Amino acid sequence: MAKATSESVGVVFVGAGARGAYEAGAFAELLPVLEAHGRRPTVFVGTSAGAINAVLFASFAHLPAQEAADRVLALWRQVEREQVIRPVLPSGLVAVARYLAQVAGLNAPIKPAIALGVDRIILLATDPIVQTASASTAIDSSPDVYAAIAGVLHNTLVDRMVEDVRTLGKINELLNGSTQEHSALRASYGKRGLRPIPYLFVGTSRAGDLGQLAREVFQARYGSGRWLRRALDFPVLNQLLGGSRKTHGELLSYLFFEPEFIQRAITMGQQDAQRLLAQAPDGVPWRMTT
C-alpha cells in the first residue's frame, strides 16, 4: 500500500433513489484501489440516496477500505421497499409523484466538493457522459407524462452533473495549456482560486442500462401473474409508472427497492468500475479533460 499523499481527494454521489445501489457498488470497487495508491477520499458530497452513500462511506472511513466497502454493500443489500416508501395502494399516485418530485429536486453538482478544497475528485453517476442509448431509452411513438417525468429526472440528475464535468474539463485544458495565452489564464484563474483538478467519472456503459435492468427484474419477479404470489405494491407501482411503455423502466429504477434489483445494480456498478480501472492497469485512470 502506498503512503497517503498530502492531496485532498473528494467523491460526489449524485442523487438517484434506488439507483444509489449502483453508485455504492462502483465506489466499493474503487475504494481499495484508491487506498492502495495513497489517495483514499476524505471529502464526501451527495444528495438524496447519494447523501446516504456519502454518509455511509464517511462513517466507515476509519476501517480498511475493503472492510468499509463490504459494510456499505451489506447495508444496501438489507434495504426493503417498506423502509423507504410508504405502501403504494393507500396513497397511490400521490405518494409516487411526491417521491419522484423529491428526487428530481436534488442533484449533486461538483462545486461544493471543489469549494471544500479537493485536489482530485471522483464522480459517481448512473448514466454515462456520452449518451449512447440502450433499448430501454427508445422514444415511444406517443410521448406522454411518463416520458416527460423521465426526461425531467434525467435533466436534473444527469445533465447537471455532466455539464459540471465538461466545465471542469474545459478549465483543466485551459490551465494546462503551454501558450502565452494559457499562461495569462493561469495567472488570472489562480487569483480566483481555480486550479487543474484531475477526476474520475464512473457511470453506466450506456444510457438506460439501469432502466433496462429494472424492467428485466420486474418481469422475472412479477410478470405473467407472478405478482399473485407476491406483494401488490410493485405491480401497482409499475402500472402507475406507465406499465409497458418503453420509458417506464427508467422511472421504475428510481423507486425499485427490490432486493434482486439492488443486488444486480450493485454488481453492475462493480463491473463498470472494473472496466474503468482496467484502462490503467498500474494505477488509477485520472482524467483532465472530457
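See the structure shown above.
Bear in mind the structure is a predicted one, so any value in this text is a computation, not a measurement. What you see as residue numbers is a count from 1 along each chain, following the sequence as written. With the structure being a predicted model, the display of local features is reserved for residues of pLDDT at least 70 and the display and counting of side-chain atom pairs for 80 or more, all residues being used for whole-chain, interface and lining totals. Only heavy atoms go into the side-chain values, all of them from the structure, while hydrogens and water stay out.

Draft legend 1. Inspection of helix α8 (residues 209–222) at higher detail. Segments assigned H or I by DSSP are reported as helices when at least four residues long, segments assigned E as strands when at least two residues long, and all are numbered from the N terminus. Multiplying 1.5 Å by the helix residue count minus one yields the expected span of that helix. Helix length check: α8 (14 residues) gives 20 Å between terminal C-alpha atoms against 20 Å at 1.5 Å per residue, within 8%. Here's how the labels work: a residue is buried when its accessible area is under 20% of the maximum for its type, exposed when over 50%, partly exposed in between, all with a 1.4 Å probe on protein chains only. All of the buried residues in α8 are Asp-209, Leu-210, Gly-211, Leu-213, Ala-214, Val-217, Phe-218 and Tyr-222.

Draft legend 2. The packing of aromatic side chains, seen in detail. Within 6.5 Å between ring centres, the rings of Phe, Tyr and Trp (the latter by its six-membered ring) count as paired, and their orientation is classed by plane angle as stacked under 30 degrees, edge-to-face over 60, tilted in between. Under the defined criterion, the tally for this structure stands at five aromatic pairs. With 5.9 Å between their ring centres and 5° between their planes, Phe-13 and Phe-57 make a pair best called stacked. Taken together, the positions of Phe-13 in strand β1 (residues 9–13) and Phe-57 in helix α2 (residues 49–59) put the pair 44 residues apart, joining distant regions of the chain. Seen in terms of ring centroids, Phe-218 and Phe-256 are 6.4 Å apart; in terms of plane orientation they differ by 55°. Their pairing is tilted. Of this pair, Phe-218 sits in helix α8 while Phe-256 sits in the loop between α10 (248–255) and α11 (259–277), and the two are 38 residues apart along the sequence. Judged by its relative accessible area of 5%, Phe-218 is buried. Under the relative-accessibility criterion, Phe-256 is labelled buried at 0%. We count a charge as sitting over a ring when the NZ of a lysine or the CZ of an arginine lies within 6 Å of the ring centre and within 35 degrees of the ring normal. Here the guanidinium or amino end of Arg-19 rests over the ring plane of Tyr-254, the centre of that ring lying 4.4 Å away. Residue placement shows Arg-120 over the ring face of Trp-286; its charged tip is 5.0 Å from the ring centre.

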